[in-house]
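# Geometric and topological summary
What follows is the residue order along each chain.
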Amino acid sequence: MPRQRTNSALDHYELAVDEIVAACDGDLRDALRALILLNEQLEQELAIMSGVRAPDRRLH
């Protein structure tokens, strides 16, 4: 059953989540893992750009 779309800002996130899960063959654990890894990478890049060393908080 398709989701009812009501808010265009939220629709954008719903579509992004659907695409990420689909890219992980529907595996929610793999999708979550991919998002966590991407977030860590973005945090490191932000720390480098701001000249601050990011704390090493890796969980894997």
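## Side note on the overall build of the protein
A tally of helices and strands in the protein yields two helices and zero strands. Within the protein, buried positions represent 8% of all 60 residues. On the protein, roughly 5600 Å² of surface is accessible, and the fraction owed to carbon and sulfur atoms is 59%.

## Here we look at helix α1 (residues 8–23)
Spanning 16 residues, α1 covers 22 Å between terminal C-alpha atoms, matching the ideal 22 Å at 1.5 Å per step. Note on α1: the residue one or two positions beyond its end, Asp 25, has a positive phi of about 55 degrees.

## Focus on helix α2 (residues 28–50)
In a regular helix each residue adds 1.5 Å, so 23 residues correspond to 33 Å; α2 covers 33 Å between its end C-alpha atoms and thus fits that length. Here α2 starts with a cap whose side-chain oxygen sits 2.9 Å from the backbone nitrogen of Arg 29, and that cap is Asp 27. Within two residues after α2, Gly 51 carries a phi angle of roughly 80 degrees, on the positive side.

## What about the pattern of salt bridges?
The final tally for this structure, using the stated rule, is one salt bridge. Across the pair Arg 33 and Asp 30 runs a salt bridge whose closest N-O atoms are separated by 2.6 Å. Taken together, the residues Arg 33 and Asp 30, both in helix α2 and three residues apart, mark about one turn of the helix. Residue classification places Arg 33 among the partly exposed positions, given a relative accessible area of 42%. By relative accessible area, which is 33% here, Asp 30 ends up partly exposed.

## Points about unusual backbone geometry
You will see that Asp 25, though not glycine, has its phi angle at about 55 degrees, which is positive. Relative to the helices and strands, Asp 25 is located in the loop between α1 and α2.

## Considerations on a nonpolar patch on the surface
A cluster of nonpolar side chains, Leu 35, Leu 38 and Leu 42, forms an exposed patch at the surface whose accessible area comes to about 250 Å². Tracing the backbone through its elements, the reader meets Leu 35 in helix α2.

The rules behind these values
- Residues numbered from 1 in each chain as written.
- Predicted model: local features only at pLDDT ≥ 70, side-chain atom pairs only at ≥ 80, totals over all residues.
- Heavy atoms only, no water.
- Helix = DSSP H or I, 4+ residues; strand = E, 2+ residues; numbered from the N terminus.
- Buried < 20%, exposed > 50% of the residue type's maximum accessible area, 1.4 Å probe, protein only.
- Areas by Shrake-Rupley, 256 points an atom, 1.4 Å probe, with all protein chains shown as cover.
- Expected span 1.5 Å × (residues − 1).
- Polar contact = N/O pair within 3.5 Å; in protein donor to acceptor, adjacent residues only side chain to side chain.
- Salt bridge = Lys/Arg side-chain N within 4 Å of Asp/Glu carboxyl O.
- Patch = residues over 30% accessible without salt bridge, like charges linked within 9 Å, V, L, I, M, F, W, Y side chains within 5 Å.

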